[in-house]
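Commentary on secondary and tertiary structure
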Amino acid sequence: MYSPDAISNRRHSRTEPSEEMIAGLVCIVCRTDYRAAPDTDAAVVSHHSDKQLLACAGVCARMASGSVTGLAETPPPLAERVHRYEAEH
């Protein structure tokens, strides 16, 4: 489990999201690649350039948005996110 200090430091040291994060392929907190871990539940926790940013449901989502379930939005299926990313790059 993350300590309150770790959570606070994470929030204050945020960097710009990578292309994979913006495409919804990588958790914005722990950097889990959903393509390598397709059974990982992802939650929408924020938006960047009109795209959903995802975090692993649970601790990562709580660290990113304050809620273990993220925002009340459903992310597109992983296959669709991968297809969009590959089409753009």
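Residues numbered from 1 in each chain as written. Predicted model: local features only at pLDDT ≥ 70, side-chain atom pairs only at ≥ 80, totals over all residues. Heavy atoms only, no water.

What about the state of the cysteines?
Rule in force here: Criterion for a disulfide: a pair of cysteine sulfur atoms within 2.5 Å. Each residue is assigned to one of three classes by its accessible area relative to the maximum for its type, calculated with a 1.4 Å probe on protein chains only: buried under 20%, partly exposed between the two thresholds, exposed over 50%.
In this structure the tally under the stated criterion is 0 disulfides. No disulfide involves C27; its nearest neighbouring cysteine sulfur is the one of C30, lying 3.7 Å away. Note on C27: relative accessible area 0%, which makes it buried. In this structure C60 is not part of a disulfide, and its nearest cysteine sulfur, from C30, lies 3.7 Å away.

A word on the environment of V59
Put simply, the test is: Only runs of H or I of at least four residues qualify as helices and only runs of E of at least two qualify as strands under DSSP, and these elements are numbered from the N terminus.
Along the chain, V59 turns up in helix α3 (residues 59-65). Judged by its relative accessible area of 25%, V59 is partly exposed. In the structure, V59 is positioned 29 residues away from C30 in sequence and 9.7 Å away in space, judged by C-alpha atoms.

What to know about the pairing of strand β2 (residues 51-56)
Rule in force here: Whether two strands pair depends on DSSP finding at least two bridges between them.
Burial runs high along β2: 5 of the 6 residues are buried. Bridging between strand β1 (residues 42-48) and β2 involves 6 bridges; their strand directions are antiparallel. Within β2, the residue paired with H47 across the bridge is Q52. Linking β1 to β2, which pair antiparallel, is a turn of 2 residues; within it S49 sits at a positive phi near 50 degrees.

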